[in-house]
Amino acid sequence: LKRAGLPIEVVFSSEIDIHAQLTYYENHGVVPFGDITKIKADDIPRHDILCAGFPCQPFSHIGKREGFLHPTQGTMFYELIRIIKIKKPKVLFLENVVGIVNHDNGNTLEVILSSLREIGYYCHYDILNASDFGVPQNRRRFYLVAFLQDYDFEFPKPPMIKTDIGDYLDFNVQGYEISKHLQKAYLF
């Protein structure tokens, strides 16, 4: 959103995984709050836009596809609903795996849409591939944008800009190394 020129300020972030917290800190200079299930919605600052990616493993075609029945990861969508009900942000941006659309014969998507509609949101969703927008990664994802008001919203048409990972790599870098275990895994 900042790259799009919007004057935004991040007021809250949550991440349970310590390694992801460290990565977030390296990128943004702030350590996210921890386990969202232990954070009261009233303790989260007021915000106009909520961006979230809830765990995708229960909905992925390579996982067990337990969906909302997964005891921890499957319940994270409901944690979002808990916060959204109280905070009522004007805009929601949600992201997940493509498999969420047809998971449980489409019932999972219907639960998501109906849950958001019940609390007053107008929902729009699409499948987009990052590589079509100039990102050097073939990554198709489910995106949902929801508003408290009914807007005539359309997802952007991909400019079909292709880039190569080589455009982003640094060469002759000193001081970084990768473990032998990861080297073998990547080479394999």
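Attention in this report is confined to the structure presented alongside it.

Quick notes on the rules
Residues numbered from 1 in each chain as written. Predicted model: local features only at pLDDT ≥ 70, side-chain atom pairs only at ≥ 80, totals over all residues. Heavy atoms only, no water. Helix = DSSP H or I, 4+ residues; strand = E, 2+ residues; numbered from the N terminus. Buried < 20%, exposed > 50% of the residue type's maximum accessible area, 1.4 Å probe, protein only. Areas by Shrake-Rupley, 256 points an atom, 1.4 Å probe, with all protein chains shown as cover. Polar contact = N/O pair within 3.5 Å; in protein donor to acceptor, adjacent residues only side chain to side chain. Salt bridge = Lys/Arg side-chain N within 4 Å of Asp/Glu carboxyl O. Pairing = 2+ DSSP bridges. Axes fitted to C-alpha atoms, helices over the stretch in contact; angles between N-to-C directions. Patch = residues over 30% accessible without salt bridge, like charges linked within 9 Å, V, L, I, M, F, W, Y side chains within 5 Å. Contact = heavy atoms within 4.5 Å.

On to the overall build of the protein. Helix and strand counts for the protein come out as four helices and four strands. In the protein, the succession of helices and strands from N to C terminus is α-β-α-β-α-β-β-α. Counting only residues that meet the buried cut, the protein has 31% of its 188 residues in that class. Summed over all atoms, the accessible surface of the protein reaches about 13,200 Å², with 54% contributed by carbon and sulfur.

Glancing now at helix H1 (residues 18-28). The opening residue of H1, the one whose side-chain oxygen lies 3.0 Å from the backbone nitrogen of His-19, is Asp-17. Count one or two residues on from H1 and you reach Gly-29, which has phi positive near 75 degrees.

Turning our attention to the pattern of salt bridges. Scanning the entire structure with this criterion turns up six salt bridges. For the salt bridge of Asp-48 with Arg-46, the shortest nitrogen-to-oxygen distance reads 2.9 Å. We classify Asp-48 as partly exposed; its relative accessible area is 32%. What makes Arg-46 exposed here is its relative accessible area of 62%. Here Lys-162 ties to Asp-132 by a salt bridge, and the two come within 3.1 Å at their closest N and O atoms. Taken together, the positions of Lys-162 in the loop between strand S4 (140-147) and helix H4 (180-187) and Asp-132 in the loop between strand S3 (122-129) and S4 put the pair 30 residues apart, joining distant regions of the chain. By relative accessible area, Lys-162 is classed as exposed at 56%. Because the salt bridges share partners, they merge into one network encompassing Arg-46, Asp-48 and Lys-90.

Our focus in this paragraph is the pairing of strand S1 (residues 49-53). Only one face of S1 is covered, namely the face carrying Leu-50 and Ala-52; the face carrying Ile-49, Cys-51 and Gly-53 is uncovered. By the bridge criterion, five bridges tie S1 to strand S2 (residues 91-97) in an arrangement that is parallel. Opposite Ala-52, over in S2, you have Leu-94 as the bridge partner.

Before going further, it helps to examine the sheet that holds S3. Within a sheet, neighbouring strands are paired by backbone hydrogen bonds and run either parallel or antiparallel to one another. Spatial strand order, S1-S2-S4-S3: four strands in an open sheet with mixed pairing. Two strands in the sheet have a free side with no partner beyond their single neighbour: S1 and S3. Between one strand and the next, the sheet's axes are offset by a mean angle of 15 degrees, whatever the strand orientation. Sheet analysis places S2 next to S4, joined by seven bridges and oriented antiparallel.

The subject of this paragraph is a nonpolar patch on the surface. Side chains of Ile-165, Tyr-168, Leu-169 and Phe-171 sit close together on the surface and give an oily, nonpolar patch of about 470 Å² of accessible area. Position of Ile-165 relative to the elements: it lies in the loop between S4 and H4.

By the secondary structure assignment, His-47 is in the loop between H1 and S1. Among the polar contacts listed, one links the side chain of His-47 to the backbone oxygen of Pro-45, at a separation of 2.9 Å. The contacts of His-47, once residues within four sequence positions are left out, are Val-11, Lys-87 and Pro-89.

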